[in-house]
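# Summary of the model geometry
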Number of protein chains: 2
Amino acid sequence: MEKENSYRIGELVRMFGITSRTVRFYEELGLIESMDRDGSEHRRYSERNVIRIKRIQQLKDYGLTLSEISALFEMARADRTGATVREGLAVKYRQKLDEALKRRAQLDAYIEDLSWHVEQVERANDFFECPGASCATCRWAERCDVRLLVKRPAS
Amino acid sequence: MEKENSYRIGELVRMFGITSRTVRFYEELGLIESMDRDGSEHRRYSERNVIRIKRIQQLKDYGLTLSEISALFEMARADRTGATVREGLAVKYRQKLDEALKRRAQLDAYIEDLSWHVEQVERANDFFECPGASCATCRWAERCDVRLLVKRPAS
DNA sequence: CGCTAGCGTACCCTTTACGTCAACTTGGGA
DNA sequence: TCCCAAGTTGACGTAAAGGGTACGCTAGCG
(Lines give C-alpha, C1' and ligand atoms only; values in the text may rest on other atoms or scores of the structure.)
Protein backbone atom coordinates (compact mmCIF):
# COMPACT_ATOMS: atom_id res chain seq x y z
CA MET A 1 0.00 0.00 0.00
CA GLU A 2 1.58 3.19 -1.12
CA LYS A 3 2.13 6.07 1.15
CA GLU A 4 -0.93 8.28 1.37
CA ASN A 5 -0.02 11.66 0.07
CA SER A 6 -0.66 14.63 2.25
CA TYR A 7 -1.32 18.31 1.88
CA ARG A 8 -0.11 21.27 3.80
CA ILE A 9 -2.53 23.88 4.97
CA GLY A 10 -1.47 26.33 2.29
CA GLU A 11 -2.44 23.86 -0.39
CA LEU A 12 -5.94 23.60 1.01
CA VAL A 13 -6.07 27.36 1.04
CA ARG A 14 -5.29 27.46 -2.65
CA MET A 15 -7.59 24.54 -3.44
CA PHE A 16 -10.66 26.00 -1.84
CA GLY A 17 -10.01 29.68 -1.74
CA ILE A 18 -10.40 29.69 2.01
CA THR A 19 -7.97 30.98 4.59
CA SER A 20 -5.82 28.92 6.89
CA ARG A 21 -7.69 30.50 9.76
CA THR A 22 -10.82 28.84 8.45
CA VAL A 23 -9.20 25.43 8.32
CA ARG A 24 -7.92 25.76 11.85
CA PHE A 25 -11.30 27.08 12.92
CA TYR A 26 -12.96 23.98 11.53
CA GLU A 27 -10.48 21.90 13.45
CA GLU A 28 -11.32 23.80 16.62
CA LEU A 29 -14.95 22.94 16.08
CA GLY A 30 -14.08 19.32 15.52
CA LEU A 31 -15.29 19.37 11.94
CA ILE A 32 -12.00 18.11 10.63
CA GLU A 33 -8.90 16.85 12.23
CA SER A 34 -5.56 16.91 10.56
CA MET A 35 -3.50 13.78 10.23
CA ASP A 36 -1.17 12.90 13.01
CA ARG A 37 1.49 15.49 12.92
CA ASP A 38 3.96 12.95 14.26
CA GLY A 39 6.83 15.08 15.35
CA SER A 40 6.21 17.88 12.95
CA GLU A 41 4.66 21.08 14.10
CA HIS A 42 2.85 21.60 10.86
CA ARG A 43 -0.49 20.11 10.09
CA ARG A 44 -0.85 17.57 7.33
CA TYR A 45 -4.05 16.74 5.60
CA SER A 46 -5.11 13.57 3.83
CA GLU A 47 -7.36 13.22 0.81
CA ARG A 48 -10.01 12.39 3.32
CA ASN A 49 -9.67 15.78 4.91
CA VAL A 50 -9.92 17.37 1.52
CA ILE A 51 -13.17 15.59 0.80
CA ARG A 52 -14.43 16.54 4.19
CA ILE A 53 -13.83 20.19 3.52
CA LYS A 54 -15.63 19.88 0.22
CA ARG A 55 -18.47 18.25 2.07
CA ILE A 56 -18.59 21.05 4.58
CA GLN A 57 -18.70 23.58 1.80
CA GLN A 58 -21.50 21.78 0.06
CA LEU A 59 -23.58 21.54 3.20
CA LYS A 60 -22.86 25.17 3.92
CA ASP A 61 -24.02 26.05 0.44
CA TYR A 62 -27.27 24.34 1.21
CA GLY A 63 -27.75 26.60 4.15
CA LEU A 64 -26.67 24.38 7.03
CA THR A 65 -24.81 26.18 9.75
CA LEU A 66 -21.51 24.87 10.99
CA SER A 67 -23.11 23.63 14.16
CA GLU A 68 -25.72 21.72 12.18
CA ILE A 69 -22.99 20.22 10.08
CA SER A 70 -21.11 19.37 13.22
CA ALA A 71 -24.18 17.64 14.62
CA LEU A 72 -24.49 15.57 11.46
CA PHE A 73 -20.87 14.56 11.64
CA GLU A 74 -21.36 13.67 15.27
CA MET A 75 -24.28 11.49 14.29
CA ALA A 76 -22.22 9.87 11.61
CA ARG A 77 -19.62 8.83 14.11
CA ALA A 78 -22.19 6.93 16.12
CA ASP A 79 -24.22 5.54 13.27
CA ARG A 80 -22.03 3.76 10.81
CA THR A 81 -24.91 2.31 8.80
CA GLY A 82 -25.81 5.80 7.68
CA ALA A 83 -29.55 5.36 7.99
CA THR A 84 -30.06 7.74 10.87
CA VAL A 85 -27.74 10.26 9.38
CA ARG A 86 -29.48 10.14 6.06
CA GLU A 87 -32.75 10.62 7.84
CA GLY A 88 -31.33 13.59 9.72
CA LEU A 89 -30.00 15.06 6.55
CA ALA A 90 -33.33 14.67 4.83
CA VAL A 91 -35.01 16.46 7.69
CA LYS A 92 -32.50 19.27 7.55
CA TYR A 93 -32.85 19.63 3.81
CA ARG A 94 -36.61 19.76 4.00
CA GLN A 95 -36.41 22.27 6.75
CA LYS A 96 -34.07 24.51 4.80
CA LEU A 97 -36.28 24.16 1.77
CA ASP A 98 -39.34 25.21 3.73
CA GLU A 99 -37.49 28.17 5.10
CA ALA A 100 -36.38 29.11 1.63
CA LEU A 101 -39.89 28.95 0.28
CA LYS A 102 -41.11 31.11 3.09
CA ARG A 103 -38.31 33.56 2.48
CA ARG A 104 -39.20 33.72 -1.16
CA ALA A 105 -42.80 34.55 -0.42
CA GLN A 106 -41.70 37.35 1.87
CA LEU A 107 -39.20 38.54 -0.64
CA ASP A 108 -41.82 38.72 -3.35
CA ALA A 109 -44.09 40.82 -1.20
CA TYR A 110 -41.17 43.02 -0.26
CA ILE A 111 -40.14 43.52 -3.86
CA GLU A 112 -43.62 44.47 -4.90
CA ASP A 113 -43.93 46.95 -2.09
CA LEU A 114 -40.57 48.44 -2.61
CA SER A 115 -40.95 48.94 -6.33
CA TRP A 116 -44.11 50.85 -5.64
CA HIS A 117 -42.22 53.04 -3.23
CA VAL A 118 -39.41 53.63 -5.66
CA GLU A 119 -41.92 55.04 -8.03
CA GLN A 120 -43.45 57.19 -5.34
CA VAL A 121 -40.21 58.66 -4.22
CA GLU A 122 -39.23 59.43 -7.76
CA ARG A 123 -42.47 61.26 -8.32
CA ALA A 124 -41.76 63.10 -5.11
CA ASN A 125 -44.88 61.75 -3.52
CA ASP A 126 -42.79 60.52 -0.69
CA PHE A 127 -41.08 63.26 1.17
CA PHE A 128 -38.27 62.77 3.51
CA GLU A 129 -38.39 66.36 4.57
CA CYS A 130 -41.54 68.17 5.32
CA PRO A 131 -41.97 70.73 2.56
CA GLY A 132 -42.69 73.54 4.94
CA ALA A 133 -45.17 75.36 7.03
CA SER A 134 -48.14 74.53 4.89
CA CYS A 135 -47.51 70.82 4.96
CA ALA A 136 -50.86 69.14 5.28
CA THR A 137 -49.49 65.91 6.61
CA CYS A 138 -47.54 67.30 9.45
CA ARG A 139 -49.22 68.29 12.61
CA TRP A 140 -46.83 71.07 13.52
CA ALA A 141 -46.73 74.61 12.46
CA GLU A 142 -43.02 74.69 11.92
CA ARG A 143 -40.96 72.49 9.69
CA CYS A 144 -40.47 69.02 10.82
CA ASP A 145 -37.68 66.81 9.71
CA VAL A 146 -39.54 63.60 9.34
CA ARG A 147 -42.60 62.73 7.38
CA LEU A 148 -44.23 59.41 6.97
CA LEU A 149 -44.09 57.47 3.82
CA VAL A 150 -47.20 57.44 1.78
CA LYS A 151 -48.83 54.18 2.59
CA ARG A 152 -49.20 51.87 -0.31
CA PRO A 153 -52.91 51.29 -0.91
CA ALA A 154 -53.96 47.68 -0.75
CA SER A 155 -54.34 46.65 -4.34
CA MET B 1 -50.18 77.85 21.65
CA GLU B 2 -51.04 74.95 23.81
CA LYS B 3 -48.46 72.92 25.59
CA GLU B 4 -47.08 70.15 23.46
CA ASN B 5 -48.01 66.90 25.04
CA SER B 6 -45.30 64.44 25.77
CA TYR B 7 -44.85 60.73 26.16
CA ARG B 8 -42.83 58.71 28.55
CA ILE B 9 -40.64 55.94 27.27
CA GLY B 10 -43.04 53.27 28.45
CA GLU B 11 -45.76 54.69 26.27
CA LEU B 12 -43.58 54.40 23.21
CA VAL B 13 -42.88 50.85 24.23
CA ARG B 14 -46.56 50.05 24.24
CA MET B 15 -47.18 52.01 21.05
CA PHE B 16 -44.60 50.25 18.97
CA GLY B 17 -44.02 46.98 20.68
CA ILE B 18 -40.38 47.77 21.11
CA THR B 19 -38.39 47.82 24.30
CA SER B 20 -37.17 50.85 26.15
CA ARG B 21 -33.69 49.54 25.55
CA THR B 22 -34.31 49.99 21.85
CA VAL B 23 -35.47 53.55 22.24
CA ARG B 24 -32.42 54.43 24.27
CA PHE B 25 -30.29 52.57 21.76
CA TYR B 26 -31.67 54.75 18.97
CA GLU B 27 -30.86 57.76 21.06
CA GLU B 28 -27.33 56.50 21.50
CA LEU B 29 -27.01 56.28 17.73
CA GLY B 30 -28.34 59.78 17.36
CA LEU B 31 -31.42 58.58 15.50
CA ILE B 32 -33.74 60.30 17.91
CA GLU B 33 -33.26 62.61 20.77
CA SER B 34 -35.71 63.02 23.57
CA MET B 35 -37.08 66.41 24.48
CA ASP B 36 -35.18 68.46 26.91
CA ARG B 37 -35.44 66.69 30.18
CA ASP B 38 -35.17 70.01 31.97
CA GLY B 39 -34.81 69.06 35.56
CA SER B 40 -36.42 65.68 35.29
CA GLU B 41 -34.38 62.53 35.18
CA HIS B 42 -36.85 60.81 32.90
CA ARG B 43 -36.98 61.16 29.16
CA ARG B 44 -39.92 62.82 27.51
CA TYR B 45 -40.87 62.41 23.89
CA SER B 46 -42.83 64.69 21.62
CA GLU B 47 -45.17 63.71 18.80
CA ARG B 48 -42.25 64.45 16.58
CA ASN B 49 -40.24 61.74 18.23
CA VAL B 50 -43.11 59.35 17.77
CA ILE B 51 -43.24 60.06 14.07
CA ARG B 52 -39.53 59.65 13.87
CA ILE B 53 -39.67 56.21 15.38
CA LYS B 54 -42.39 55.25 12.93
CA ARG B 55 -40.15 56.54 10.20
CA ILE B 56 -37.25 54.48 11.42
CA GLN B 57 -39.40 51.39 11.49
CA GLN B 58 -40.61 51.97 7.98
CA LEU B 59 -37.15 52.47 6.62
CA LYS B 60 -35.99 49.41 8.51
CA ASP B 61 -38.82 47.45 6.95
CA TYR B 62 -37.53 48.45 3.58
CA GLY B 63 -34.22 46.94 4.39
CA LEU B 64 -32.19 49.98 5.30
CA THR B 65 -29.77 49.41 8.12
CA LEU B 66 -29.72 51.72 11.09
CA SER B 67 -26.52 53.27 9.88
CA GLU B 68 -28.02 53.98 6.49
CA ILE B 69 -31.01 55.51 8.18
CA SER B 70 -28.67 57.52 10.32
CA ALA B 71 -26.87 58.76 7.23
CA LEU B 72 -30.14 59.89 5.70
CA PHE B 73 -31.09 61.74 8.84
CA GLU B 74 -27.69 63.33 8.83
CA MET B 75 -28.25 64.45 5.27
CA ALA B 76 -31.60 65.85 6.22
CA ARG B 77 -30.06 68.02 8.85
CA ALA B 78 -27.83 69.69 6.28
CA ASP B 79 -30.28 69.84 3.44
CA ARG B 80 -33.50 71.47 4.49
CA THR B 81 -34.96 71.67 1.02
CA GLY B 82 -35.23 67.93 0.93
CA ALA B 83 -34.11 67.49 -2.64
CA THR B 84 -30.81 65.84 -1.87
CA VAL B 85 -32.34 63.63 0.74
CA ARG B 86 -35.08 62.52 -1.57
CA GLU B 87 -32.47 61.75 -4.14
CA GLY B 88 -30.48 59.78 -1.57
CA LEU B 89 -33.57 57.91 -0.54
CA ALA B 90 -34.41 57.04 -4.11
CA VAL B 91 -30.91 55.73 -4.61
CA LYS B 92 -31.13 53.63 -1.46
CA TYR B 93 -34.51 52.24 -2.44
CA ARG B 94 -33.31 51.32 -5.89
CA GLN B 95 -30.26 49.73 -4.43
CA LYS B 96 -32.29 47.65 -2.01
CA LEU B 97 -34.61 46.69 -4.79
CA ASP B 98 -31.76 45.55 -6.96
CA GLU B 99 -30.32 43.56 -4.13
CA ALA B 100 -33.67 42.00 -3.48
CA LEU B 101 -34.07 41.01 -7.11
CA LYS B 102 -30.64 39.48 -7.09
CA ARG B 103 -31.40 37.64 -3.89
CA ARG B 104 -34.58 36.32 -5.40
CA ALA B 105 -32.76 34.97 -8.41
CA GLN B 106 -30.28 33.24 -6.16
CA LEU B 107 -33.00 31.98 -3.94
CA ASP B 108 -34.84 30.50 -6.88
CA ALA B 109 -31.76 28.66 -8.03
CA TYR B 110 -31.14 27.49 -4.50
CA ILE B 111 -34.67 26.23 -4.11
CA GLU B 112 -34.53 24.32 -7.33
CA ASP B 113 -31.24 22.76 -6.42
CA LEU B 114 -32.26 21.91 -2.93
CA SER B 115 -35.52 20.30 -3.91
CA TRP B 116 -33.62 18.06 -6.26
CA HIS B 117 -31.34 17.11 -3.41
CA VAL B 118 -34.23 16.42 -1.09
CA GLU B 119 -35.46 13.92 -3.57
CA GLN B 120 -32.04 12.37 -3.92
CA VAL B 121 -31.50 11.98 -0.24
CA GLU B 122 -34.89 10.40 0.18
CA ARG B 123 -34.14 7.90 -2.53
CA ALA B 124 -30.86 7.28 -0.75
CA ASN B 125 -28.90 8.43 -3.72
CA ASP B 126 -27.11 10.89 -1.57
CA PHE B 127 -25.09 9.13 1.06
CA PHE B 128 -23.73 10.81 4.05
CA GLU B 129 -21.83 7.73 5.03
CA CYS B 130 -19.93 5.67 2.63
CA PRO B 131 -21.87 2.41 2.39
CA GLY B 132 -18.80 0.29 2.78
CA ALA B 133 -15.84 -1.32 1.22
CA SER B 134 -17.39 -1.68 -2.18
CA CYS B 135 -18.35 1.92 -2.47
CA ALA B 136 -17.71 2.95 -6.02
CA THR B 137 -17.52 6.62 -5.29
CA CYS B 138 -14.94 6.47 -2.61
CA ARG B 139 -11.34 6.21 -3.44
CA TRP B 140 -10.35 4.30 -0.35
CA ALA B 141 -10.56 0.68 0.40
CA GLU B 142 -11.87 1.13 3.88
CA ARG B 143 -14.99 2.92 5.01
CA CYS B 144 -14.90 6.60 4.90
CA ASP B 145 -17.11 8.87 6.86
CA VAL B 146 -17.79 11.45 4.27
CA ARG B 147 -19.01 11.17 0.76
CA LEU B 148 -19.71 13.89 -1.68
CA LEU B 149 -23.17 14.78 -2.66
CA VAL B 150 -24.25 13.51 -5.97
CA LYS B 151 -23.86 16.46 -8.24
CA ARG B 152 -27.03 17.65 -9.78
CA PRO B 153 -26.76 17.26 -13.52
CA ALA B 154 -27.19 20.44 -15.49
CA SER B 155 -30.69 20.28 -16.87
C1' DC C 1 -45.73 60.20 53.71
C1' DG C 2 -45.17 55.91 51.57
C1' DC C 3 -45.35 52.73 48.05
C1' DT C 4 -44.11 50.69 43.77
C1' DA C 5 -44.13 50.60 38.88
C1' DG C 6 -41.43 52.92 35.98
C1' DC C 7 -37.13 54.84 34.69
C1' DG C 8 -32.10 55.77 34.98
C1' DT C 9 -27.01 54.39 33.96
C1' DA C 10 -23.57 51.02 33.07
C1' DC C 11 -21.86 47.00 31.70
C1' DC C 12 -21.52 42.58 29.48
C1' DC C 13 -23.79 39.04 26.25
C1' DT C 14 -25.89 37.08 22.05
C1' DT C 15 -25.05 34.79 16.99
C1' DT C 16 -21.94 33.27 13.00
C1' DA C 17 -17.96 32.58 10.69
C1' DC C 18 -14.26 33.83 10.64
C1' DG C 19 -10.42 38.35 10.51
C1' DT C 20 -6.46 40.29 12.53
C1' DC C 21 -2.70 40.96 15.00
C1' DA C 22 1.61 39.56 17.72
C1' DA C 23 5.26 37.01 18.55
C1' DC C 24 7.45 32.97 17.59
C1' DT C 25 8.99 28.49 15.25
C1' DT C 26 9.81 25.54 11.26
C1' DG C 27 10.69 23.49 6.64
C1' DG C 28 12.72 23.25 2.56
C1' DG C 29 15.22 25.34 -1.35
C1' DA C 30 19.80 27.77 -2.73
C1' DT D 1 24.32 26.55 6.55
C1' DC D 2 21.21 30.27 5.96
C1' DC D 3 17.18 32.50 5.01
C1' DC D 4 12.56 33.55 4.47
C1' DA D 5 8.03 32.10 3.28
C1' DA D 6 4.96 29.40 5.55
C1' DG D 7 3.18 27.66 9.71
C1' DT D 8 2.12 27.87 14.83
C1' DT D 9 -0.71 29.29 19.19
C1' DG D 10 -3.55 32.49 21.48
C1' DA D 11 -6.11 36.26 22.21
C1' DC D 12 -9.04 39.64 20.82
C1' DG D 13 -12.12 41.98 17.24
C1' DT D 14 -16.13 42.36 13.92
C1' DA D 15 -20.87 43.19 12.25
C1' DA D 16 -26.25 44.14 13.66
C1' DA D 17 -29.48 45.26 16.57
C1' DG D 18 -30.40 45.20 20.40
C1' DG D 19 -31.12 41.65 25.00
C1' DG D 20 -30.22 40.91 29.85
C1' DT D 21 -28.98 42.00 34.26
C1' DA D 22 -27.64 44.72 38.35
C1' DC D 23 -28.63 48.14 41.18
C1' DG D 24 -30.16 52.55 42.36
C1' DC D 25 -33.44 56.63 41.75
C1' DT D 26 -38.09 58.86 40.88
C1' DA D 27 -42.83 60.16 39.75
C1' DG D 28 -47.04 60.43 40.96
C1' DC D 29 -51.08 58.42 43.17
C1' DG D 30 -53.60 57.26 47.47
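The structure contained in this document is the topic of the report that follows. (Residues numbered from 1 in each chain as written. Chains lettered and ligands numbered in written order. Predicted model: local features only at pLDDT ≥ 70, side-chain atom pairs only at ≥ 80, totals over all residues. Heavy atoms only, no water.)

Moving on to the protein's contact with DNA strand D. By nearness alone, 21 residues border DNA strand D, and Gly10(A), Arg24(A), Arg43(A), Thr19(B) and Tyr26(B) come closest of all. A share of 82% of the atoms of DNA strand D within 4 Å of the protein falls on sugar and phosphate groups. Measuring from a phosphate oxygen of DNA strand D, one finds a backbone N or O atom of Gly10(A) at 2.9 Å. Tyr26(B) has a polar side-chain atom sitting 2.9 Å from a phosphate oxygen of DNA strand D. Looking at the surface near DNA strand D element by element, the count peaks at four residues for helix 2 (residues 20-28) of chain B. Here the residues of the surface near DNA strand D are counted per class, giving four nonpolar, seven polar and ten charged. (Near = heavy atom within 4 Å. Polar contact = N/O pair within 3.5 Å; in protein donor to acceptor, adjacent residues only side chain to side chain. Helix = DSSP H or I, 4+ residues; strand = E, 2+ residues; numbered from the N terminus. Nonpolar A, V, L, I, M, F, W, Y, C, P; charged D, E, K, R; others polar.)

This part covers the packing of helix 1 (residues 9-16) of chain B against helix 3 (residues 47-61) of chain B. Residues and elements named next belong to chain B. Viewed as axis vectors pointing N to C, helix 1 and helix 3 meet at an angle of 40 degrees, and their least axial separation amounts to 11 Å. Our classification of the angle between helix 1 and helix 3 gives oblique. For the crossing formed where helix 1 meets helix 3, the hand is right-handed. Residue-level inspection shows Leu12, Met15 and Phe16 of helix 1 in contact with helix 3, the latter providing Val50, Ile53, Lys54 and Gln57. Along the lines of polarity and charge, the residues of the contact of helix 1 with helix 3 split into five nonpolar, one polar and one charged. (Axes fitted to C-alpha atoms, helices over the stretch in contact; angles between N-to-C directions. Parallel < 35°, antiparallel > 145°, perpendicular 65-115°, else oblique. Left-handed = near helix turned anticlockwise from the far one by under 90°. Contact = heavy atoms within 4.5 Å.)

This paragraph deals with the protein's contact with DNA strand C. Around DNA strand C, a shell composed of 21 residues is seen, among which Thr19(A), Thr22(A), Arg24(B), Glu41(B) and Arg43(B) lie nearest. Contact distances for DNA strand C include 2.6 Å between a phosphate oxygen and a side-chain N or O atom of Arg24(B). Secondary structure elements with two or more residues in the surface near DNA strand C: helix 2 (20-28) of chain A together with helix 1 and helix 2 of chain B. Among the elements that line the surface near DNA strand C, the one with the most residues is helix 2 of chain A, at four residues. Split by residue class, the surface near DNA strand C holds four nonpolar, seven polar and ten charged.

Turning our eyes to something else, we now look at the packing of aromatic side chains. Under the defined criterion, the tally for this structure stands at six aromatic pairs over all chains. Between Tyr110(A) and Tyr62(B), the ring centres sit 6.5 Å apart and the planes meet at 25 degrees, which makes this aromatic pair stacked. Of this pair, Tyr110(A) sits in helix 5 (residues 83-122) while Tyr62(B) sits in the loop between helix 3 and helix 4 (66-78), placing the two residues on different chains. A relative accessible area of 16% means that Tyr110(A) is categorised as buried. For the pair Phe25(B) and Tyr26(B), a centre-to-centre distance of 6.4 Å together with 40 degrees between the ring planes defines the contact as tilted. For Phe25(B), a relative accessible area of 32% puts it in the partly exposed group. By the ring-pair criterion, three or more aromatic residues cluster together here, those being Tyr62(A), Tyr93(A) and Tyr110(B). Cation over ring: Arg52(A) sits above Phe73(A), and NZ or CZ is 4.1 Å from the ring centre. (Phe/Tyr/Trp six-rings, centres within 6.5 Å; stacked < 30°, edge-to-face > 60°. Buried < 20%, exposed > 50% of the residue type's maximum accessible area, 1.4 Å probe, protein only. Lys NZ or Arg CZ within 6 Å of the ring centre and 35° of its normal.)

A word on the environment of Gly30(B). Residue and element names in this part refer to chain B. Position of Gly30 among the secondary structure elements: in the loop between helix 2 and helix 3. Judged by relative accessible area, Gly30 falls into the partly exposed class, the value being 31%. A C-alpha to C-alpha distance of 9.3 Å links Gly30 and Glu74, two positions 44 residues apart in sequence.

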